[in-house]
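These are the residues of each chain, in order.
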Amino acid sequence: MEPPSVTSMAKLLQEPFDPMSCVANVWPAPTPGAQDTVPYAAVVDAMVDISATSSRLECVKILTRLLLAVITRAPADLIAVFYLVINKQAPQHEGVELGIGDALLLKVVSECCGMTEARVKEAYQQTGDLAEIAQNNKQKQATLVQPKPLSAKTVFQSFKQMALMSGKDVMRRRTDTIKKLVRDAQGAEVNLLIRALQQKMRIGLAEPSALAALGYAFALQFLGARCAVMTLDDLQNALNIAASTLARIFYEVPSIDIVLPAVLSHGFLLLVPRSSVFARHQRDLSIRPGLPVKPQLAHPTSGISVVLDRFNERKFTSEYKYDGERAQIHYENGKIHVFSRNSETHTDKYPDVVSVLPSVFEKATVTSFIIDSEVVAVSPETGALQAFQVLQHRGRKNIAEKDVTIPVCIFAFDILYLNGEPLLDRSLEQRRAVLYQIFTPLPGKFAFATHLDSDNVEDIQKFLDQSIAAGCEGLMIKTLEEEATYTPAKRSHFWLKLKKDYMDGVTDTLDLVPIGAFYGKGKRAGVLGGFLLACYDAESDEYQSICKIGTGFQDEALEKLTGELRPSFTAEKPRYYRAETAGVDVWLIESQVWEIKAADLSISPVHYAAIGLVDPAKGIALRFPRYVRTREDKKPCDCTAAQQVAEMYRSQSLAIQKEDVVVSE
Ligand code: AMP
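Basis of the calculations
Residues numbered from 1 in each chain as written. Predicted model: local features only at pLDDT ≥ 70, side-chain atom pairs only at ≥ 80, totals over all residues. Heavy atoms only, no water. UniProt positions renumbered as here; feature names shortened; annotations may be inferred. Helix = DSSP H or I, 4+ residues; strand = E, 2+ residues; numbered from the N terminus. Buried < 20%, exposed > 50% of the residue type's maximum accessible area, 1.4 Å probe, protein only. Areas by Shrake-Rupley, 256 points an atom, 1.4 Å probe, with all protein chains shown as cover. Lys, Arg positive; Asp, Glu negative; His and termini not counted. Charge placed at Lys NZ, Arg CZ, Asp CG, Glu CD. Pairing = 2+ DSSP bridges. Contact = heavy atoms within 4.5 Å. Axes fitted to C-alpha atoms, helices over the stretch in contact; angles between N-to-C directions. Polar contact = N/O pair within 3.5 Å; in protein donor to acceptor, adjacent residues only side chain to side chain. Parallel < 35°, antiparallel > 145°, perpendicular 65-115°, else oblique. Left-handed = near helix turned anticlockwise from the far one by under 90°. Domains from an automatic or database assignment. Buried area = accessible area lost by both parts, 1.4 Å probe. Salt bridge = Lys/Arg side-chain N within 4 Å of Asp/Glu carboxyl O. Phe/Tyr/Trp six-rings, centres within 6.5 Å; stacked < 30°, edge-to-face > 60°. Near = heavy atom within 4 Å. Arc of directions from axis to C-beta.

- An unreviewed UniProt entry lists the protein chain under the name DNA ligase, with Strigomonas culicis as the source organism.
- Per UniProt, the protein chain has the following entry under Subcellular location (unreviewed entry): "Nucleus".
- Its UniProt record gives the protein chain a comment under Sequence similarities (unreviewed entry), which states: "Belongs to the ATP-dependent DNA ligase family."

What about the overall build of the protein chain?
Alright, step 1. When helices and strands are tallied, the protein chain shows 22 helices and 21 strands.
Alright, step 2. In terms of its C-alpha atoms, the protein chain occupies a principal-axis envelope of roughly 80 × 70 × 60 Å.
Alright, step 3. Split into buried and exposed, the 665 residues of the protein chain put 54% on the buried side.
Alright, step 4. Entry remark: accessible area of the protein chain is about 29,900 Å², with carbon and sulfur atoms responsible for 52%.
Alright, step 5. Taking the average place of the 74 positive charges on the side chains of the protein chain and the average place of its 80 negative ones, the gap between the two points comes to 5 Å.

Observations concerning the sheet that holds strand E11 (residues 491-499)
Alright, step 1. Read across the sheet, five strands follow the order E1-E11-E10-E2-E9 without closing on themselves; strand pairing throughout is mixed. Sheet topology places strand E1 (297-300) and strand E9 (451-452) at the edges, where each strand pairs with a single neighbour.
Alright, step 2. As paired strands, strand E2 (residues 316-321) and strand E10 (residues 474-479) are joined by six bridges and run antiparallel to one another. Note that in E10 the partner of Ser318 across the bridge is Ile477.
Alright, step 3. Those strands touched by helix H15 (residues 304-311) are E2, E10 and E11, and its axis lies near 165° from that of E11.
Alright, step 4. The sheet strands contacting helix H18 (residues 428-438) are E2, E9 and E10, and the helix crosses E2 at an angle near 55°.

Looking at helix H7 (residues 130-140)
Alright, step 1. Among the residues making up H7, those that are buried are Leu130, Ala131, Ile133, Ala134, Gln135, Asn137 and Lys138.
Alright, step 2. Along its buried surface, H7 packs onto helix H5 (102-112), helix H6 (117-127), helix H9 (170-184) and helix H10 (188-197).
Alright, step 3. You can read the cap of H7 off the contacts: a side-chain oxygen lies 3.2 Å from the backbone nitrogen of Ala131, and it is on Asp129.

Side note on the packing of helix H11 (residues 207-223) against helix H12 (residues 232-252)
In a pair of packed helices, the angle between the axes and the distance between the axes together describe the arrangement.
Alright, step 1. Where H11 contacts H12, the axes come no closer than 8 Å and their chain directions differ by 130°. One way to sum up the angle between H11 and H12 is to call them oblique. Once H11 is placed against H12, the crossing between them reads as right-handed. Between H11 and H12, the contacting residues are Leu211, Ala212, Leu214, Gly215, Tyr216, Ala219, Leu220 and Leu223 on the first element and Leu235, Ala238, Leu239, Ala242, Ala243, Leu246 and Phe250 on the second.

A word on the domain arrangement of the protein chain
Alright, step 1. Here the protein chain is described as being made up of domain 1 (9-87 + 205-285), domain 2 (93-198), domain 3 (297-502) and domain 4 (509-653).
Alright, step 2. Each of domain 3 and domain 4 was reduced to a C-alpha centroid, and the two centroids are 30 Å apart.
Alright, step 3. On the domain 4 side, the residues contacting the eight residues of domain 3 number ten residues.
Alright, step 4. Summed over both partners, the interface of domain 3 with domain 4 buries about 1,000 Å², with 37% contributed by carbon and sulfur atoms.
Alright, step 5. By the criterion of area lost to domain 4, the three top residues of domain 3 are Arg341, Asn342 and Arg491, representing 44% of everything that side buries.
Alright, step 6. Applying the counting criterion to the domain 3 and domain 4 interface returns zero salt bridges.

Concerning the packing of aromatic side chains
How two aromatic rings sit relative to each other is given by the distance of their centres and the angle of their planes.
Alright, step 1. In this structure the tally under the stated criterion is 26 aromatic pairs.
Alright, step 2. Seen in terms of ring centroids, Phe222 and Phe268 are 4.8 Å apart; in terms of plane orientation they differ by 25°. Their pairing is stacked. One end of the pair, Phe222, is in helix H11; the other, Phe268, is in the loop between helix H13 (256-266) and helix H14 (276-281), and 46 residues separate them in sequence.
Alright, step 3. Look at Phe222 and you get partly exposed, because its relative accessible area is 35%.
Alright, step 4. Classification of Phe268 by relative accessible area gives buried; the value is 8%.
Alright, step 5. Where Phe361 meets Phe439, the ring centres are 6.0 Å apart and the plane angle is 70°; that geometry is what we call edge-to-face. One end of the pair, Phe361, is in the loop between helix H16 (351-356) and strand E5 (368-377); the other, Phe439, is in the loop between H18 and strand E8 (446-448), and 78 residues separate them in sequence. For the pair formed by Phe361 and Phe439, the shared burial category is buried.
Alright, step 6. Within the aromatic cluster, the residues linked to one another by ring pairs are Tyr331, Phe361, Phe369, Tyr436, Phe439, Phe446 and Phe448.

Re the site of the ligand
Alright, step 1. Near the ligand you find 13 residues, and of these Glu319, Lys321, Glu374, Lys478 and Lys497 are the closest.
Alright, step 2. One of the side-chain N or O atoms of Arg326 is found 3.0 Å from an oxygen atom in the ligand.
Alright, step 3. Elements represented by at least two residues in the shell around the ligand include exactly E2, E10 and E11.

Points about the pattern of salt bridges
Alright, step 1. Using the criterion set out here, one finds 33 salt bridges in the structure.
Alright, step 2. Linking Asp36 and Arg73 is a salt bridge whose minimum nitrogen-to-oxygen distance equals 2.7 Å. Remark: Arg73 occurs in helix H3 (residues 56-73) and Asp36 occurs in the loop between helix H1 (8-14) and helix H2 (40-51); sequence separation between them is 37 residues. For the pair formed by Asp36 and Arg73, the shared burial category is buried.
Alright, step 3. With its nearest N and O atoms 3.8 Å apart, the salt bridge here joins Glu473 to Lys499. Of the two residues, Glu473 sits in the loop between helix H19 (457-469) and E10 while Lys499 sits in strand E11, which places them 26 residues apart along the sequence.

Points about H15
The periodicity of an α-helix, 3.6 residues per turn, causes residues three or four positions apart to be oriented the same way.
Alright, step 1. Of the residues making up H15, those classed as buried are Ile304, Val307 and Phe311. Projected down its long axis, H15 shows its buried positions confined to an angular sector of 50°, all on one face.
Alright, step 2. In this structure, the buried residues of H15 make contact with E2, H19, E10 and E11.
Alright, step 3. Positive phi shows up at Asn312, right after H15, with a value of about 40°.

As structure tokens, this is what we get:
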């Protein structure tokens, strides 16, 4: 891995780049008069290069250049190309998924590649790589008529149509669409098509890196020839501004369909936060009901004195930390949406939330809002708060209100938008005042998060005890006035979580991703019996191994997990996994997040978590890890970050040192 350098991206991107010649072999100039469109081959070519490159910077460069060529030559295709790169068909909250099973693909591959289905199945069982089988065997097929080259737009539109198909005949219509694509595809296009359809397309760049590349491409297009004469520092600065502004815009408006046309039509200035163009269009590119805002997150803290040190004279508040599920509730024109922490639509999951909401605010004066809240299961008999595990027993989709057996109460703790106006830049104190003014609690159904505005250590300690006694996990402690704006997607040091566990000296649980697995032995033969877990490092965009785990699982759970993970099996270790290969029976494409409890953390010669952050050459490992539950509300890239692992290790060392002092006194 390359050492991080602030100007390294600028160095790579300052080389002259000609959007016509660089991709000439896969994207020839259009015939005079014809419209320039991006061939699918250009996207595939970049993906293949990225797959073959081990340097993340080089990968970002390849993608930046593809996107720059698209912005320059065929901007109308940018949305399609970007969706193909991240292998999605619509914004996350729309819940649009390809949902193509292996059975259908095996059938298509057999029909298009001249093999029997049994033969494809056998080869697939042997190699685990259907894309490769399809590409190799399609190549052997003689074609009488050369097919028309596939365009990026055609492939994307076909994917989107398939994702949206419903009703009668879906299987047949999907099969026909895929057959048509595979028949027209050539060489590596076949491979990429199958991988995309299997959702195994990740080529080594996660979505944040793809977004950064998009920001860089817009910056380069705006700077044009000036790039070559700028100092590396100036160029890097421009690249950073573009990438971070675009990322911020996406946290607030997570829709490629809305953001890209705006940036394309108003140009790079839209990405410069201080430009007048940006100011004019700020409204277009800021939060709105119907689109989930990436929620602000909190840092763990180990004690009240740490909070006082951290906040350093700033005014703060403590709120109960409820043990439920985060719910961002949006309202506009009579329509309510509920979004999860992960920006998924949960409106169908909570018909009771939807029906109670209109009775807690004045419809005459309130036309729209976005509030942040925790939905908590409550006892139907006593109204007492129930643990998260109880909430987990509610169905997930299309629940009718009459079937709800586990009632919930909404605990609102923030408001981000009211009557057409974003409130993110106001302080929590101001936002809270608005929240209290607009809403009226309804016992057992809608309440404000219980809070205490005090910096007295004893009062906070008492409040913490009260929160635990009431069935909460601890406290959330937040700045009120200074540094108290709402920062989407940020794990902010101005929101601290104080859980009882941390104070007892028990390590906080970690949310980790299973990246590899081991088959069980004896009565567990045939099912997975152990797993290799990883944290995620956004800086290097890699999953870093942190421990092996085999305890905490019931036999039934292992069977269930084996079934759930089977579609993610992959023969080779993905390039973006940093882990020792020895002993792993099967690699898993990242798909799940598990909450893991451990005794402590130690420096490790075999694991790679947070490598370089605490020890220059060694990673950190968990000792005695135990599976607690699957975090269905988190995506793999939302798992515990390498940086957090390093912080946990450091604070544990600090706690041990403190204990040593006490003992030696
Ligand atoms: P964790 O999931 O342990 O990182 O804790 C953060 C989560 O606590 C948030 O995402 C919310 O779902 C939840 N939470 C409960 N009460 C509050 C509160 N008063 N303020 C903010 N978040 C809360």
